[in-house]
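# Architecture at a glance
Here is what each chain is made of, one letter per residue.
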Amino acid sequence: MQVLKFGGSSVASAENISKVVDIVKNKTNTNKIVIVVSALGGITDLLLQCANLAATGNETYKTSLQEIEVRHLTTVKELIPVTQQSSVLSAVKKLCNEIEDICNGIFLLGELSDRTKDKIVSYGELLSSQIIAAKFKAEGLDAEWKDSREIIFTDSNFGAALVDFAKTNIAVQQYFAAASSLLFILPGFISSDANGTTTTLGRGGSDYTAAIIAGAVDASVLEIWTDVSGMMTADPRIVTNIKLIPKISYQEAMELSHFGAKVIYPPTIQPVMSKNIPVWVKNTFAPEDEGTVIQNESMKNGNAIRGISSINKISLISLEGSGMVGIPGFSKRLFEALANYKINVILITQSSSEHSICVAIDAANAAAAKQAVDTAFAYEIETKKVEPLFVENDLAIVALVGDNMKSHTGIAGKMFSAMGKNGVNIRAIAQGSSERNISTVIAVSDVAKAVNVLHEAFFETTYKQVNVFIAGAGNVGSKLLAQLNQQLDFLKTSNRLVIKVVGLANSKKALLNDEGIDLNNWKNLLAAAPVNTIEGYIDTIIAKNLRNTIFVDVTASDVVATCYNKLLQKSIAVVACNKVACSSSYNYYQQLKESAREYTAKFLFETNVGAGLPIIGTLNDLISSGDKINKMQAVLSGTLNFVFNNYDGKKSFASVVKQAQDEGYTEPDPRLDLSGKDVMRKIMILARESGEKIEMDDIANNSFMPESCMQGSVENFYAEMEKQEAHFKSIYKEAAGKGNKLKFVASYENGKAAVGLQHINPEHDFYHLYGKDNIVLFYTNRYPEQPMVVKGAGAGAEVTASGVFADIIRATHN
C-alpha cells in the first residue's frame, strides 16, 4: 500500500487538483493507494477568521463565509462535469450551511472555545476531500471517501490532540483490510476523541494523518506532495542558492522540521520511522523532479551539515540568582511551572556555574511564562535568592543539522566564526549529546543574514557573495565602477568572488538594489533614484543587514567620515579613499581602529596616501614583522610633484595648476594640495600607522603659497596666483640656479613631522621623480642606511580607483 498526502497549495484550485489526479493516475495499479488531502490553500485561515470575527461580534464574518462557499462551489464547477455536479454541489452547500450555523452560534454567545475552533477548521478538509473524491469518480476511478475521524482517535486536547495509537492502529488496519476499493480519499488534520467529538492534530497535521495511516498499515512508501521539489539546505525565501537534499535520515528530518523547515510537519516522522517506511517529499507542480527521500540513513557526501533551519518569534526567558548555585530542584520547578501553563520548551541552556538557566519558548507564551515562573519562585524572589524572570523578545533560533556532525571537529567554531564576522550576536547556544544539531538564539532581524552566511560557509564552497555599498559617484567613483564592471567575471572565475554593488549614493540621491545594480547603466539609474541623504543611506545599509557587506567611501565628505564607526560596530567593513577620518582627531582615528578590531570588521584606507601605491600596506607589514620606523621622507603629493615638474617659468604657475586639476590630479579644491594641508594629512596618517600619537597641530608646514592666494573662492585663487606669478618664478629660479629641483617634501623623525618646499640636488633619491609620482623612504632598524623605497604614480582617478578596488578585495578576505 502507498500513502500519498497532498498539501494546501497542491489542492488550492481546480487546476491544481487536476494535477493531483494525473499524478495518482500514473500510480494506479493492483496495490491500494491512500490519498490524504489538506484544505484548499488558505481556507483554514479563512475559517479561523470567520470564527474570530463572530466571537467579537463583527458581522463581517458573513462575508468571509460567503467567500468560502463561493470558492468551493466554483472549484466544483470547474472540476466536475456538469452532469455529475449536482450531488457534489449539494454536499458542499450542506457543509457550508453547517459552518454558518456554528458561526451564528459563536456570534450569539460571543465565545470561541478550542473545541469549537477544532469543529470549525475541520470543515476545510471535509470539503476539499469530498470534492477531490468526486473528481476521481468523475475520471472513472473507484475512489472511496473515508472520514478520518472514524479511524484516528485522540485525547481531548483540542488544537493539538495526542493520538491514541493502540486504538487508532487497530481501526485503520481493520478498515483497509475489509475495504475492497483500490483508491481511498481521506481528509487530513482531523480526528476524534473518545466521545466522538472532532479534534485536530495541530497545524500541518495532514502530514501526520498520512504518516499515522502509513505506519498502521505498514505502507511501502509515504509520499508528501507539496509545492517544492524536496527538502532544501535552507529556506528558499531567505537563501537564493539553496540546494536539494536528495537523501536525509529520519532524525535529521525531525531536527530540521522542528527548527522551522516547513516542508514537513515535525510529528510526521515518528509513526513511519519505527517501521522504516521511506518518506518521499515531492513537488506536485514538477512531479518529474527527484525530490527528497527520508530514510534510516542519510547520504554520505562528505558534508557534515545536512541543512540550516530557523524559527522566528522566539522569546528567551532567564532565571538567575546566587541562590540557585548548588541547590538541586530549581530546574525541575522551572519546567514544572512552564508545563502547568502548557508552555513548550524549544531550547535549554544553563551555565556551568548554575547561576542561571535560559529557556527558549514561543514568543506568544512569554507573558504567561513570566507569570508562571514568578509565581512559582515568589518566595525566592522576595528573599533576593533569585531575580524575577527576565524575558527577551524579538529573537529567533538558527540551527545547523546533520548526522555527520558527530565527532566532526570544527563545525561549531566555523559556525560561530562566520556569524561573528558578520556582526550576528549570539544570545544563547545549545547542542545535544547526539551532536546532530547546534542551535543558536539570535535577534530576529539577523536571521536572513545569519542563514545566508552559514549557507555560504557550509554549502557554497564555489563562490562567496560580497555586497558593496558605494558613497561617491564622481571622478574616482566612476572609474571604480568601470573597473568593477570590467572585472566581475574574472573575480567570479579566478577568485570565486561574486561582487554585487547593491548601493550607490551621491550627495543628493541613493540607488539601491539587493540583486545588484546594473553597472552598465548606473548613471541613468542614479539620476532616476529617489532623493536621499548620506545619513539616510547609511541607516539603510545598516537596516538591510546583508551578509559580507563592504562600505566604500570615495567622497571627500566630513559627513560620510563621521559615519564609519556606526558601520564598523555593525561588523560592516569600511574601505576609505576619503582621508578625513584618519586625519581627524587622534581619538576618532583610534576609536575606528578599535571598533574594527572589536567587531571583526576590516577598516582599510590604503589610498589615503599615495593613491594605489602600497605605502600603508608596506608600513603595516614592517611593523607587524617586528621592525621599527625611525624616519620617513616622502613626496606625497602627486599634484605638487606634477606642478613642479611642469613649471619652468615659461607658462604661468596658475596655468600649470589648472592643468593638474583638469587632468584629475588635484583635490576638488586645489588649495588643499597647494597649501600643503593634504600632505600634512598624509604624513600624519603614516606617523599614526607607525604608532605615533600625533595631531595636525603638531606638524610644521613651511608653505610657499602667499596668504592672499588662499582667500575667497577657487576662481579668486586662480586669479590671485596669476597676480603672484613673480613670486612663483623667483622660487623656481632660485632652485634652478643651484641646479636643484623643487619638491614638496614630508618628513617624520623622532616623533616630529614637517612638510615644506625643498631644493633637491641631483644626488638625492627625490631628484628623478617625474610626472605625478610619489615616493616614500622608510628608514627602520632593518633598513638604517639604505631605506626601503616605495615609488610610483601617486595621483589620478584611475590609479586611485585601482587602490580602492584592491582594498575591496582585501576586505573580502577573512
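Below is a summary of the structure that appears in this document.

## Description of the sheet that holds strand β8 (residues 247-249)
One key point about sheets: their strands pair by backbone hydrogen bonds, in either a parallel or an antiparallel sense. The mixed open sheet is built from eight strands, whose spatial order is β3-β4-β2-β1-β7-β9-β10-β8. On the outer flanks of this sheet lie β3 (143-145) and β8, each paired with one strand and no other. Within this sheet the neighbouring strands show an average axis-to-axis angle of 20°, counted without direction. Of the strands in this sheet, β1 (2-6), β2 (33-37), β4 (183-187) and β7 (221-226) touch helix α1 (residues 14-25), which is tilted by about 165° from β1. The sheet strands contacting helix α5 (residues 114-138) are β2, β3 and β4, and the helix crosses β4 at an angle near 160°.

## Regarding the packing of helix α22 (residues 638-646) against helix α23 (residues 653-662)
Each packed pair of helices is defined by two parameters, the angle between the axes and the distance between the axes. Between α22 and α23, whose axes approach to 9 Å, the crossing angle comes to 135°. Between α22 and α23, the interaxial angle falls into the category oblique. At the point where α22 passes α23, the crossing takes the right-handed sense. Each of Thr639, Phe642, Val643, Phe644 and Asn646 in α22 lies in contact with α23, whose residues at this interface are Phe653, Val656, Val657, Gln659 and Ala660.

## Remarks on helix α11 (residues 366-376)
Those residues of α11 that fall on the buried side of the exposure criterion are Ala366, Ala369, Ala372, Val373 and Asp374. In this structure, the buried residues of α11 make contact with β11 (307-320), α10 (330-340), β13 (356-362), α12 (378-382) and β14 (390-401).

## Thoughts on the pairing of strand β25 (residues 741-749)
Alignment of strand β23 (residues 629-635) against β25, held across four bridges, turns out to be antiparallel. Bridged to glutamine 633 within β25 is serine 747. Sheet analysis places β25 next to strand β26 (residues 752-760), joined by nine bridges and oriented antiparallel. Counterpart to lysine 741 in the pairing with β26 is isoleucine 760.

## Details of the environment of aspartate 627
Here aspartate 627 lies in the loop between α21 (615-624) and β23. Among the residues examined, aspartate 627 registers a relative accessible area of 6% and is labelled buried. When near neighbours in sequence (up to four residues on either side) are disregarded, aspartate 627 contacts Leu622, Thr780, Asn781, Arg782 and Tyr783. A distance of 3.3 Å separates the side chain of aspartate 627 from the backbone nitrogen of arginine 782, its partner in a polar contact.

Here is what the cut-offs are and how they apply
Residues numbered from 1 in each chain as written. Predicted model: local features only at pLDDT ≥ 70, side-chain atom pairs only at ≥ 80, totals over all residues. Heavy atoms only, no water. Pairing = 2+ DSSP bridges. Helix = DSSP H or I, 4+ residues; strand = E, 2+ residues; numbered from the N terminus. Axes fitted to C-alpha atoms, helices over the stretch in contact; angles between N-to-C directions. Contact = heavy atoms within 4.5 Å. Parallel < 35°, antiparallel > 145°, perpendicular 65-115°, else oblique. Left-handed = near helix turned anticlockwise from the far one by under 90°. Buried < 20%, exposed > 50% of the residue type's maximum accessible area, 1.4 Å probe, protein only. Polar contact = N/O pair within 3.5 Å; in protein donor to acceptor, adjacent residues only side chain to side chain.

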